[in-house]
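Residue strings, one per chain:
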Amino acid sequence: MMHKFKLSLGAAALVIALPMLQGCVPAVIVGGAAVGVMSAHDRRSTGTQTDDESTEWKAASRVPAQYKDVSHLNFTSYNHIVLITGEVPSEEAKQAIGEAVGKIEGVRLVHNETTIGPLSSLGSRSTDSYIDSKVKARLVDSNQISANHIKVVTEKAVTHLMGIVSEREAKVAVAVARTTDGVRKVVNVMEVLPDADIRRIDNQALGARTPPPATAPVENR
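Residues numbered from 1 in each chain as written. Predicted model: local features only at pLDDT ≥ 70, side-chain atom pairs only at ≥ 80, totals over all residues. Heavy atoms only, no water.

Here's the deal with the overall build of the protein chain
At step 1: The number of helices and strands found in the protein chain is seven helices and nine strands.
At step 2: Out of the 221 residues belonging to the protein chain, those deemed buried represent 42%.
At step 3: Contacts spanning at least 24 positions in sequence make up 71% of the contacts within the protein chain whose residues lie at least 6 apart.
At step 4: When the accessible surface of the protein chain is totalled, it reaches about 12,200 Å², and 57% of it is carbon and sulfur. (Helix = DSSP H or I, 4+ residues; strand = E, 2+ residues; numbered from the N terminus. Buried < 20%, exposed > 50% of the residue type's maximum accessible area, 1.4 Å probe, protein only. Contact = heavy atoms within 4.5 Å. Areas by Shrake-Rupley, 256 points an atom, 1.4 Å probe, with all protein chains shown as cover.)

Digging into the packing of helix α5 (residues 122-142) against helix α6 (residues 167-178)
At step 1: Between α5 and α6, the least distance of the axes is 9 Å, while the angle of their chain directions is 130°. With respect to α6, the axis of α5 lies oblique. Between α5 and α6 lies a crossing whose hand is right-handed. Contacts from V135, R138, L139 and S142 in α5 reach V172, A173, V176 and A177 in α6.
At step 2: In terms of residue class, the contact of α5 with α6 is built from six nonpolar, one polar and one charged. (Axes fitted to C-alpha atoms, helices over the stretch in contact; angles between N-to-C directions. Parallel < 35°, antiparallel > 145°, perpendicular 65-115°, else oblique. Left-handed = near helix turned anticlockwise from the far one by under 90°. Nonpolar A, V, L, I, M, F, W, Y, C, P; charged D, E, K, R; others polar.)

A look at the pattern of salt bridges
At step 1: For the structure on display, the rule yields eight salt bridges.
At step 2: A salt bridge links E167 to K171, with the shortest nitrogen-to-oxygen separation between them at 3.6 Å. Here E167 pairs with K171, and both are found in helix α6, just four residues apart, close to one helical turn.
At step 3: Its relative accessible area of 54% is what places K171 among the exposed residues.
At step 4: R200 is the salt-bridge partner of D197, the closest N and O atoms lying 3.9 Å from each other. (Salt bridge = Lys/Arg side-chain N within 4 Å of Asp/Glu carboxyl O.)

As for the confidence of the model for the protein chain
Caution is warranted with low-pLDDT regions, since their predicted coordinates should not be read in detail.
At step 1: Averaged over all residues, the pLDDT of the protein chain equals 85, while 78% of them reach at least 70.
At step 2: Note on residues 1-26: pLDDT is under 50 here. Beyond four places in sequence and across chains, it has 24 contacts.
At step 3: This model gives residues 32-40 a pLDDT under 50, and the stretch forms eight contacts once residues within four places in sequence are excluded. (pLDDT = per-residue confidence, 0-100.)

A closer look at helix α4 (residues 91-102)
At step 1: Between its terminal C-alpha atoms α4 stretches 16 Å, which fits the 16 Å expected from twelve residues at 1.5 Å a residue.
At step 2: The set of residues buried in α4 consists of A93, I97, G98, A100 and V101. Looking straight down α4, one finds its buried side chains confined to an arc of 160°; they lie on one side.
At step 3: For α4, the elements touching its buried residues are α2 (46-61), α3 (65-68), β2 (72-78), β3 (81-88) and β4 (109-112). (Expected span 1.5 Å × (residues − 1). Arc of directions from axis to C-beta.)

Structure below.
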């Protein structure tokens, strides 16, 4: 039932503690605020990563005033695609929030996965964060895909997967998520690209991270 973790105790503790910290902030949460350390291994360009973080904050600020205090919303932007999760009071609220986010400059697509109903409890959000940590750890354990290429967002035990992946990687990620203890459904919103495109992106990223070393001058005597 319990899976082996390759996360450090400190990192695991941080993941589990995040929902407790979120209880001190407004109900509108952005999804990418704590992910900067992974940027060097991301398939997005540095500029796109910056744009995505900016989009998350813009999305939070674009929620119509009448819905801010009665909704619990998470905005996660990946490669200019925005995933909205959480709870809203009505279909009208869901539609208005989705339309507002879709008007943000640079947003290519919006996946509005909010549900209509009461706001999730702090305990539920803590469980969701724990599920996120388990899915990420199992992706690492699978040795078939880099966990840095998958963004995991869980809301009320429904796990959403984002990322830029090959078809094989997408299948691995879905298989890992759907067999993780506590996950009741998987929503796949990953961008699937041909293998050749994935190799090109990875090679470009590798080249950007490892520039050729400077060469020393040579004097002939």
